[in-house]
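What follows is the residue order along each chain.
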Amino acid sequence: MYELVENAKRLLRGGAALALAFLLCAGPMAGAAEVIPGGADPSARMLIPVGHTVGIKLFSRGVLVVKLSDGGTPAKECGLKTGDVIVKCGGVTVSSTEQFQSLLQKGGETVTNLQVRRGSENMTLSVEPEQNEQGTYSIGAWIRDSMAGIGTMTYYDPATGAFGALGHGITDTDTALLMPFASGSILPSTVKAVKKGAAGEAGELRGDFDLTTDLGSLNANTANGIFGSLPGDTETWQSGVALPVASAGEVKEGPATILSNVEGDTVQSYDVEILKVLPDAADSRNMVISVTDPDLIAATGGIVQGMSGSPILQNGKLVGAVTHVLLNDPTKGYGIFIENMLSAAN
């Protein structure tokens, strides 16, 4: 049986907005590298902190296996596993779920080779599709080829047109694995409503994004953020005030602010406290932060899904971005060093 789980392209075609749990899905990150090629002082780089929500659409490289059907199936018999990425079917590059289904129908019950990527390993599996009760040839795998959602842009580089957002990667909602990246873009977005966070339940920003207009293109989905480029005349916030970039060693416990768009089209500054700095953290949890601003707590309950990527400012510098919320206390969460985001962007 061939089945499709949450094919985001149906949502994209229909004009719906899906607020995915980007905020809670950061994966492990590699060790930090130099921020500026040649080892230059990262504070020499000037970036515009943004804090505005954007719609995000991402298409995978190949199709991701998110679930195997129960019972004995061709997928299980050939050794296919959840988390595998099918990149070729019968020697043909797979670009979408619909195309993969078409290739299976064309081949019928003929044994077909699947080229699969499992982590860093490439392998070839031989599968023999079966015809289901509807007369469709299938292998018994649920697959996904795209995702859509809302997140927050962290910075814009006026010197290069590059941007970074989220502070962690976009991961599949079923497997928690980083979505294999083929292409994507960001879209204009406004916040229409907020589901407030509470102990044990993450809140979320609920908004719309314009699926007919791409603000800019994505070029990477990494464990430390998503990155891309923008035309020079896209948005007024590109003309904001650029701030120096702080190195990880400059981030201190104490007062700070974040920029977030939690209502309509407006970005506001909110007070937070950096409670603890975790320079050796092996993921995007480099800072423990606490929301202290009564206006933000009243509006959202603290940190909610969709705020992921909100820039963190301290002592006149861009120091990082919000990445996670603590489920037992939505006023607290984590942030990533901007240095680590820029390392991933490079």
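Please refer to the structure higher up on the page.
Residues numbered from 1 in each chain as written. Predicted model: local features only at pLDDT ≥ 70, side-chain atom pairs only at ≥ 80, totals over all residues. Heavy atoms only, no water.

**Some points on the layout of surface pockets**
In this structure, the largest pocket occupies an estimated 220 Å³ of space. Lining the largest pocket are Arg61, Leu64, Thr82, Gly83, Val85, Arg117, Arg118, Gly119, Ser120, Leu177, Leu178 and Pro180. The set of elements that each furnish at least two residues to the lining of the largest pocket consists of β3 (53–68) and β6 (112–118). The residue inventory of the lining of the largest pocket, partitioned by class, reads 5 nonpolar, 4 polar and 3 charged. (1 Å grid on protein atoms, 1.4 Å probe; cavity = no way out; pocket = protein on both sides within 12 Å on 5 of 7 lines; lining within 4 Å. Points joined across faces, edges and corners; volume = space filled by probe spheres on them. Helix = DSSP H or I, 4+ residues; strand = E, 2+ residues; numbered from the N terminus. Nonpolar A, V, L, I, M, F, W, Y, C, P; charged D, E, K, R; others polar.)

**Some points on the environment of Ala298**
Residue position: Ala298 is located in helix α4 (residues 294–300). For Ala298, a relative accessible area of 52% puts it in the exposed group. C-alpha of Ala298 to C-alpha of Lys196: the two residues are 102 residues apart in sequence and 8.7 Å apart in space. (Buried < 20%, exposed > 50% of the residue type's maximum accessible area, 1.4 Å probe, protein only.)

**Quick word on the sheet that holds strand β19 (residues 287–291)**
The strands making up a sheet associate through hydrogen bonds between their backbones, and the pairing can be parallel or antiparallel. Pairing is antiparallel around the closed barrel formed by 6 strands, whose spatial order is β17-β18-β19-β22-β21-β20. Adjacent strand axes in the sheet meet at a mean angle of 45° when their direction is disregarded. The sheet contact formed by strand β21 (residues 317–326) and strand β22 (residues 329–337) spans 6 bridges and is antiparallel. Bridged to Gly320 within β22 is Phe337. (Pairing = 2+ DSSP bridges. Axes fitted to C-alpha atoms, helices over the stretch in contact; angles between N-to-C directions.)

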